[in-house]
Amino acid sequence: MTADETAAAPGTSTAMVRQAMTRGFFGKCPKCGEGKMFRAFLKVADECPACGEPLHHQRADDFPAYIVIVLVGHIVVPLVLLVETEWAWPTWLHMLVWPALIATMALGLLQPVKGAIVGLQWALGMHGFEASKQRREAGQLAQRFERQAVDHFALAILQHRPHKIICLRGAR
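Thresholds, definitions, all that
- Residues numbered from 1 in each chain as written.
- Predicted model: local features only at pLDDT ≥ 70, side-chain atom pairs only at ≥ 80, totals over all residues.
- Heavy atoms only, no water.
- Axes fitted to C-alpha atoms, helices over the stretch in contact; angles between N-to-C directions.
- Helix = DSSP H or I, 4+ residues; strand = E, 2+ residues; numbered from the N terminus.
- Left-handed = near helix turned anticlockwise from the far one by under 90°.
- Contact = heavy atoms within 4.5 Å.
- Nonpolar A, V, L, I, M, F, W, Y, C, P; charged D, E, K, R; others polar.
- Core = buried A, V, L, I, M, F, W, Y, C linked by side-chain atoms within 4.5 Å.
- Buried < 20%, exposed > 50% of the residue type's maximum accessible area, 1.4 Å probe, protein only.

K.L.:
Could you give me a rundown of the packing of helix α2 (residues 14-25) against helix α4 (residues 91-124), with the residues and numbers involved?
P.N.:
For the pair α2 and α4, interaxial distance at closest approach is 6 Å and the crossing angle is 145°. Remark: the crossing between α2 and α4 carries right-handed chirality. Contacts between α2 and α4 involve Met16, Val17, Ala20, Met21, Gly24 and Phe25 from the first element and Pro112, Val113, Gly115, Ala116, Gly119, Leu120, Trp122, Ala123 and Leu124 from the second. For the contact of α2 with α4, a count of residues per class yields 12 nonpolar, three polar and no charged.

K.L.:
Now, about the environment of Gly128: what can you tell me, with residues and values included?
P.N.:
With respect to the helices and strands, Gly128 occurs in the loop between α4 and α5 (130-159). Remark: the alpha-carbon pair of Gly128 and Gln58, spanning 70 residues in sequence, is separated by 7.0 Å.

K.L.:
Could you give an account of the nonpolar core, with specific residues and numbers?
P.N.:
Judged by nonpolar contacts, the single largest core of 21 residues is most densely connected at Met37, Val44, Val118 and Ala123. Put simply, the parts of the chain that give this core at least two residues each are α2, α3 (63-86) and α4. The element contributing the most residues to this core is α4, with eight residues. Beyond its immediate stretch of four places on either side in the chain, Val44 contacts Met37, Phe38, Arg39, Leu55, Gln58, Lys114 and Val118.

This is the structure:
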């Protein structure tokens, strides 16, 4: 796999994807970072209350749960093995500590991971967020065109002699 194949989709940058996922992880709108993404524990708001960005398109489905299972499993299993080999707790203590730890970690990570997944979908224009991505790309293209037009105009002014510009104005 080459670097070109792993590059971000056109119109997106790694920094933008990271920013959208971070905003989502903290429960904020991936576009503005101001409004709340969730209206309930795992219910994504239909739109951002701050900027009006539609969020109802998201299709995170079960993916956040899978990510949380992998994360919690990779943290808890080594801890269980470490505790069992070093201290040899009684079974009742294992039955008390580990389920509580797993439930707490899973519930604590589920909403942030879902927010990050929705942010990823928004940044990449997936599952109904295509219109948002097209608007972002159109805005970036317009800004680039505007910068190029200003640069060309400034260059044209610098290349012409001032007296020729005055002559052109007087010829009208």
